[in-house]
Amino acid sequence: MKHTLRHLLGGLLLALALPAAADCPRIVSQSPYITQALDWLGRGDCIVGVSRYDKRDLPRTGGVKDPDVGAIAALNPDLVVISKGSDPAQLDMLEPEARILQVDGFDSMAQTEAMLARLAEAAGVADGKAKVAAYAREWRARAAAVKGAASACW
């Protein structure tokens, strides 16, 4: 009886844990700024592989210009996020198993907002739009404060 109860409880705990795991896509981040953005969006725990430039202690998946397709495929990702410096054609063999998302960087604040919004949507961040909107409000408020302070000095 004790043994059966242990299996029942173990099965129940596993069943309760499965939806949470299913909600977290397996993500490969091919650039440290993408990893940072995923962390900020609350999807850092979904990252299963990172580029050689990243400081995370996760499997390495090559670089921006030379992704290791074999290493990426071995991680069975749902989503591979690459930067604008990468050639998406190098990852063609991963599709349709993994979605490839190429994002721009942070050349402008508008570009950063767009990148965060696309990343949030692709990674299934439930409150992604709200987070990006809050980010936009915050940076605009800080920029306005700096502009006001700078003009007072001139």
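### Structural notes on the packing of aromatic side chains
So, point 1. This model, assessed by the stated rule, comprises one aromatic pair.
So, point 2. Measuring from ring centre to ring centre gives 5.6 Å for W40 and Y135, while their planes differ by 70°; the resulting arrangement is edge-to-face. On the criterion of sequence distance, the pair formed by W40 in helix α2 (residues 32-40) and Y135 in helix α5 (residues 128-153) is long-range, its members being 95 residues apart.
So, point 3. Since its relative accessible area comes to 37%, W40 is described here as partly exposed.

### Some words on the confidence of the model for the chain
So, point 1. For the chain, per-residue confidence averages 82 on the pLDDT scale, and residues scoring 70 or more make up 80% of the total.
So, point 2. The element-level mean pLDDT for the chain is lowest in helix α1 (residues 2-23), coming to 41, with strand β2 (residues 47-50) highest at 98.
So, point 3. Across residues 1-21, confidence stays below pLDDT 50; counting only partners more than four residues off in sequence or on other chains, it has zero contacts.

### Observations concerning the sheet that holds strand β4 (residues 99-103)
What holds strands together in a sheet is hydrogen bonding between their backbones, with the strands either parallel or antiparallel.
So, point 1. The parallel open sheet is built from four strands, whose spatial order is β2-β1-β3-β4. Each of the sheet's edge strands pairs with one partner strand only, and the pair in question is β2 and β4. Averaged over all neighbouring strand pairs, the angle between strand axes comes to 25°, with direction disregarded.
So, point 2. On top of the sheet, helix α4 (residues 109-122) reaches β3 (79-83) and β4; it is set at about 170° to β4, its chief contact.

### A few points about the state of the cysteines
So, point 1. In this structure the tally under the stated criterion is one disulfide.
So, point 2. Paired by a disulfide, C24 and C46 hold their sulfur atoms 1.8 Å apart. Here C24 and C46 share a disulfide; its torsion about the S-S bond, -125°, makes the bridge left-handed. Here C46 lies in the loop between α2 and β2 and C24 lies in the loop between α1 and β1 (27-29), a separation of 22 residues in the sequence.

What counts, and where the lines are drawn
- Residues numbered from 1 in each chain as written.
- Predicted model: local features only at pLDDT ≥ 70, side-chain atom pairs only at ≥ 80, totals over all residues.
- Heavy atoms only, no water.
- Phe/Tyr/Trp six-rings, centres within 6.5 Å; stacked < 30°, edge-to-face > 60°.
- Helix = DSSP H or I, 4+ residues; strand = E, 2+ residues; numbered from the N terminus.
- Buried < 20%, exposed > 50% of the residue type's maximum accessible area, 1.4 Å probe, protein only.
- pLDDT = per-residue confidence, 0-100.
- Contact = heavy atoms within 4.5 Å.
- Pairing = 2+ DSSP bridges.
- Axes fitted to C-alpha atoms, helices over the stretch in contact; angles between N-to-C directions.
- Disulfide = S-S within 2.5 Å.

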